[in-house]
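# Fold and contact review
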Amino acid sequence: MATTDRQATTLALAHALSAAERGLAVIPLSRTKLPALRSPHRDDGSLTAPCHGECGTFGHGVYDASTDPVRIRELFAAAPWATGYGIACGLPPHHLIGLDLDTKSGTDSSAALRELALRHLFTIPDTVVVLTPSGGRHLWLTGPPDAAVPNSAGRLAPGIDIRGAGGYLVGPGSRTDHGIYGTAPGTAHLAPAACPPALLRLLLPPPRPTHPATHPATHPSAGDQGQGLVQFVLAAHEGQRNTRLFWAACRAYENGIGPALVAPLVDAALNTGLTEREARATIASAARMTGHRP
């Protein structure tokens, strides 16, 4: 191993141990940003169910993550080629949620986040911000222990990926093929801030309908999925109406049923107390955010 690689591994381990002292569970990463240790089951055709480390060996990705310095040193000793570390999301005590604002997709992800914040009346609090080698940003937030935020790519808005339960963020100080990750000036000393409730509602999946849709606002041509989105809007309470309508409209456009669902969603929104003008403006915004023409 080259001296520079040994130095990168030593630095990565030091950064990982420092993160663990803050209650962040870590794993070693390779220069490709993938877990440095390969699965011990990659050639095991007899495995009938996914193993999340129950076998007692390393190589289970984010399920290897730990805050125990002894275990972390063992992980890095098993992966001497590691040049970075990943921070597991969704685990106590922080229940970390990562907002990955990308710049490679040609979209202005920062502007998309600002539009979401203006529409849904939330602000991103001062929190840890990690700068990526490509010019992107990772915003660290914390969620409540009873809310498992799923991972997603572009679902919230174009260019914004979400790292939640089962995912990980590349830790600051990591060296990759594209450069080094580092904290933005003035944010390294901060603790991850609580995710604003209005944003958290956008990140969580809608509850499954408990009965078949029977409300007149449903639309048979949109299928079961469309009826579920309509029911999701109909179940909104005051303070949730715009948020739920926007979320449902985004999912509709992403799944190719946006145009067919405009009228049912407007009807559902009217039933919750929104005006037709408000409803159509929210749906049009969802269409623009998902790259469609209103």
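Residue numbering note: each chain is counted from 1, following its sequence as written. Totals for whole chains, interfaces and linings use every residue, but because this is a predicted model, local features are given only for residues with pLDDT of at least 70 and side-chain atom pairs only at 80 or more, for both listing and counting. Excluding hydrogens and water, the side-chain figures rest on all heavy atoms present in the structure.

### Side note on the overall build of the chain
Going along the chain from the N terminus, every DSSP run of H or I of four or more residues is numbered as a helix, and every run of E of two or more is numbered as a strand. Helix and strand content of the chain: eight helices and 12 strands. Burial classes follow relative accessibility: with a 1.4 Å probe on protein chains only, a residue under 20% of its type's maximum area counts as buried, one over 50% as exposed, and anything between as partly exposed. Across the 294 residues of the chain, 48% fall into the buried class. If you take every contact in the chain between residues at least 6 apart in sequence, the share linking residues at least 24 apart comes to 71%. Exposure was quantified through the Shrake-Rupley algorithm and a 1.4 Å probe, taking into account, for residues, occlusion by the shown protein chains and nothing else. Accessible surface, the chain: about 14,400 Å² in total, of which carbon and sulfur atoms supply 55%. The contact definition used throughout considers only heavy atoms, calling two residues in contact when any of these lie within 4.5 Å.

### Examining the environment of Glu74
Following the sequence through the fold, Glu74 ends up in helix α2 (residues 69–78). Placed 16 residues apart in sequence, Glu74 and Phe58 show a C-alpha to C-alpha distance of 9.4 Å.

### Observations regarding the confidence of the model for the chain
Values of pLDDT, which run from 0 to 100, indicate the predictor's confidence residue by residue. Put simply, the chain has an average pLDDT of 86, and 88% of its residues get 70 or more. Scored below 50 in pLDDT, residues 209–221 shows 19 contacts in the model against residues more than four places distant or in partner chains.

### With respect to the side chain of Asp102
Along the chain, the position of Asp102 falls in the loop between β3 (96–101) and α3 (109–120). Dropping the residues within four chain positions of it, Asp102 is found in contact with Thr107, Ser109 and Gly159.

### Considering the environment of Cys89
Along the chain, Cys89 turns up in the loop between β2 (84–88) and β3. When the C-alpha atoms of Cys89 and Ala25 are compared, they prove to be 8.3 Å apart, with 64 residues separating the residues in sequence. Each residue touching Cys89, except ones within four places of it in the same chain, is listed here: Leu96, Gly98, Arg163, Gly164, Ala165, Gly166, Gly167, Tyr168 and Leu169.

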